[in-house]
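Letter by letter, the chains look like this.
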There are 2 protein chains.
Amino acid sequence: MNGAIALDRIRIVLSRTSHPGNIGAAARAMKTMGLSRLYLVDPACFPDPVADARASGAGDLLANARVVGSLEEALEGTVLSAAVTARRRERSVAVRGAREAAPELVAFAGQGEVALVFGTETSGLTNEDVALCSMPVSIPANPAFSSLNLGAAVQLLCYELRMAALSPPPPAEPLPDLASFDEIEGFHRHLQEAMTVSGFYDPANPKRLLQRIRRLFGRIRLEKEEVNILRGIISAFERKAD
Amino acid sequence: MNGAIALDRIRIVLSRTSHPGNIGAAARAMKTMGLSRLYLVDPACFPDPVADARASGAGDLLANARVVGSLEEALEGTVLSAAVTARRRERSVAVRGAREAAPELVAFAGQGEVALVFGTETSGLTNEDVALCSMPVSIPANPAFSSLNLGAAVQLLCYELRMAALSPPPPAEPLPDLASFDEIEGFHRHLQEAMTVSGFYDPANPKRLLQRIRRLFGRIRLEKEEVNILRGIISAFERKAD
């Protein structure tokens, strides 16, 4: 399945969010990663101008958000749901890390709707909420300070979903106009000559200098225009020394 | 090297941040991932109670933040720096994705201090800022809406750094002995001076020459010995021209 279609089948569910700013931040985070389906379970304040302000360009997600009364309603019609949780749970279900869980969620989005559920800012999800979901997922964090902001947690998970949905990524950049072999050899000859005249390089006692210089510029993969600049610099030095 | 030690050698540099809330959010994001060294280049409002509130438990990072006047100051003493950028650059150096760049940054933290640089909320980093850094890094995002909140961007990158630091792939190659920021700046100053004396560069009419040269050498990480060779060549030219 196309990665963008997969992302379009993943619901982000925010359960009982206290601060509307975090709802806005979550919407923005979702949209930056190509997700769009926001569900709000019994939010404290929504709609709210603070949410609108923090959404900053993702107001469409807020306008289309589904507000529901219970987590059950938000999960209706899904084939898989993951509960994002920081706490170690009593029952020892294996908790998957975000990176491990993301490809699984994306794969199941090929079958139907998938949900990723986030709890409140202060206490996360209840044990009952977690039990309603198919699996717990956690974000690896500093054990001494693991409290991620809600918007930041949504950002991280949506990023992992995007990475999983779109891998391998298409080649990003147009290729530069590289100097040809002959042009690069011409540059090296020019430099060697100028270094010899200036006394920096002694052809009778070559050591490893030329090799080091070739290695340096070989790593750069010089472009045509850059070879012209470098040769221009050398020529200016030569004229000055005449 | 121990992963936690690597994270402790990575500076997060926020350049000219407008909103103190984002500084607080960045501090919290850093601490959740085990990073602690925050640098602020000319922040609009700092310290500020809004930053303290958003840091929410990461106030120690704000208290220890280094406030500096320029990006150069923030990069002093680093061996590698990455500029976080969303925009496609004019003539782009290969931009690494966050996931690809993180293991590299962590590996070089074994050699010394490393920096990750974030620009302003509205316009990101200037081309000059990006040119001061060793490489550009971007966060893969929705091309139709790629504007991540600053705190969210810091969260994502710090997460990738933590993932890389705590699951280190075996280093394939022995790491080269890189030139420091100060050594590279010294080289650029030396070259500029020599180009000016030789007449190739006219400071009164600068055009884009210096930028092109920075981009050329910025594509590779110059090693200490290479900087010495390049400066040796320039010095020989200068002596010859005297």
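Counting restarts for each chain, with residues numbered from 1 along the sequence as it is written. Throughout, the order in which chains and ligands are written sets their labels, letters from A for the former and numbers from 1 for the latter. Predicted model: local features are reported for residues with pLDDT of at least 70 only, side-chain atom pairs are reported and counted for 80 or more only, and whole-chain, interface and lining totals are derived from all residues. The basis for every side-chain value is the complete set of heavy atoms in the structure, and neither hydrogens nor water enter the calculation.

Going by an unreviewed UniProt entry, chain A carries the name tRNA (cytidine/uridine-2'-O-)-methyltransferase TrmJ and comes from Aromatoleum diolicum. UniProt positions are given in the numbering used here, feature names are shortened, and annotations may be inferred rather than shown by experiment. Per UniProt, chain A carries the Sequence similarities (unreviewed entry) text "Belongs to the class IV-like SAM-binding methyltransferase superfamily. RNA methyltransferase TrmH family." The UniProt entry for chain A carries this comment under Subunit (unreviewed entry): "Homodimer."

Student: Whenever I open this one, the overall build of chain A confuses me. Can you help?
Tutor: The secondary structure listing takes helices from DSSP runs of H or I that are at least 4 residues long and strands from runs of E that are at least 2 residues long, numbered from the N terminus. The number of helices and strands found in chain A is 11 helices and seven strands. Taking 242 residues into account, the globule formula puts the C-alpha radius of gyration at 18 Å, and chain A, at 28 Å, lies well above it. Each principal axis of the C-alpha distribution contributes one length, and for chain A these read about 85 × 40 × 40 Å. Each residue is placed in one exposure class: buried if its accessible area under a 1.4 Å probe, protein chains only, is under 20% of its type's maximum, exposed if it is over 50%, and partly exposed if it falls in between. By residue count, 50% of the 242 residues in chain A fall in the buried class. With the radius of gyration taken over C-alpha atoms, the globule rule is written as 2.2 Å times the number of residues to the power 0.38.

Student: Honestly, the sheet that holds strand E3 (residues 66-68) of chain B in this entry has me stumped. Any pointers?
Tutor: Residues and elements named next belong to chain B. Pairing is parallel across the open sheet formed by seven strands, whose spatial order is E3-E2-E1-E6-E4-E7-E5. Looking at which strands have only one partner, the edges of the open sheet turn out to be E3 and strand E5 (96-97). Pairing between strand E4 (residues 78-84) and strand E7 (residues 135-138): three bridges, direction parallel. Among the inter-strand pairings, Ala83 is bridged to a residue of E7, identified as Pro136. Lying over the sheet, helix H8 (residues 150-166) contacts strand E1 (10-15), E4, strand E6 (113-118) and E7, oriented at roughly 150° with respect to E6. Between any two strands, at least two bridges found by DSSP are needed for them to pair. The contact criterion used throughout is that any non-hydrogen atoms of two residues lie within 4.5 Å. Between the N-to-C directions of two axes lies an angle of 0 to 180 degrees, each axis being a line fitted to C-alpha atoms and, for a helix, fitted only over the stretch in contact.

Student: Can you walk me through the pattern of salt bridges in this structure?
Tutor: Any two side chains of opposite charge can pair, so long as their charged atoms come close to each other. Salt bridges are counted wherever a side-chain nitrogen of Lys or Arg sits within 4 Å of a carboxyl oxygen of Asp or Glu. Taken as a whole and judged by the stated rule, the model has 33 salt bridges over all chains. A:Glu226 is the partner of B:Arg212 in a salt bridge, and the nearest nitrogen-oxygen pair spans 3.8 Å. Residue B:Arg212 is found in helix H10 (residues 209-218), and its partner A:Glu226 is found in helix H11 (residues 224-241); the two belong to separate chains. Exposure class is identical for B:Arg212 and A:Glu226. Each is buried. For the salt bridge of B:Arg11 with B:Glu113, the shortest nitrogen-to-oxygen distance reads 3.1 Å. Of this pair, B:Arg11 sits in strand E1 while B:Glu113 sits in strand E6, and the two are 102 residues apart along the sequence. Relative accessible area serves as the criterion here: at 5%, B:Arg11 is assigned to the buried category. Several salt bridges converge on common partners, so that one network encompasses A:Arg212, A:Arg215, A:Arg219, B:Glu223, B:Glu225 and B:Glu226.

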